[in-house]
Structure formats: C-alpha cells, structure tokens
Amino acid sequence: MEVIRAEALKRADALQARLQKRLEQLQRERQIAPLPPVVLGGLLVVPAEMIAAMTSRPLPAGIELVDRQAAAAAVRESGRTPSR
C-alpha cells in the first residue's frame, strides 16, 4: 500500500509542477504585444486616361498595352501570377 501511495504522491507532485510551468507560460504570453505593421512601399495607380483628361492632351498610341505589360511584370516579380 505504501508503494501505491508514494507513486500517487509522486504523480501529484509532477502534475503540480506541470501546472505551475503552464501557468507561468500563460503569464508570459499575456505580456506579448503584437508589433504594428511595417510598410515597405507604396504604389499609386493613376489611369492614363485620367492624366490625359486632366492635362487636355491626347493619349500616346499604345500606352495602355505598355501599362498593362509593366503592371503584369511587377506582379510576376513579386512572385504572383497576374490575372485580368
């Protein structure tokens, strides 16, 4: 009987230590605060038609195709696949 009691006490001590360790871990996690996002760059897309209308100048021939190709290339460089 004494062996069973000793094993039960040993197990209870191990569980108590495990509980204490987990409670300390949870307390440390409560102190973690997320960092604000860091902006690495920005992009402003202005349609060529809008610029042409604002400056009262005609659009150069083929500019829309060049714009689309440049945008698709930038998307590919970022590791993504361009879509329509």
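Since we're looking at a predicted model, the values are computed, not measured. (Residues numbered from 1 in each chain as written. Predicted model: local features only at pLDDT ≥ 70, side-chain atom pairs only at ≥ 80, totals over all residues. Heavy atoms only, no water.)

A. Region of interest: the overall build of the protein chain. Along its length, the protein chain carries three helices and zero strands. Across the protein chain, helices and strands are ordered from the amino to the carboxyl terminus as α-α-α. The C-alpha atoms of the protein chain give 32 Å as radius of gyration, which overshoots the globular expectation for 84 residues (12 Å, by more than 25%). Taking the principal axes of the C-alpha coordinates as reference, the protein chain spans close to 100 × 25 × 15 Å. For the protein chain, the proportion of its 84 residues judged to be buried stands at 4%. Side chains of the protein chain carry 13 positive and 9 negative charges; the gap between the two charge centres is 2 Å. (Helix = DSSP H or I, 4+ residues; strand = E, 2+ residues; numbered from the N terminus. Rg over C-alpha atoms; globule rule 2.2 N^0.38 Å. Buried < 20%, exposed > 50% of the residue type's maximum accessible area, 1.4 Å probe, protein only. Lys, Arg positive; Asp, Glu negative; His and termini not counted. Charge placed at Lys NZ, Arg CZ, Asp CG, Glu CD.)

B. Molecular detail of the confidence of the model for the protein chain. For the protein chain, mean pLDDT is 86; residues scoring 70 or higher make up 95% of the total. Ranking the helices and strands of the protein chain by mean pLDDT puts helix 1 (residues 2-30) first, with 93, and helix 3 (residues 63-77) last, with 80. (pLDDT = per-residue confidence, 0-100.)

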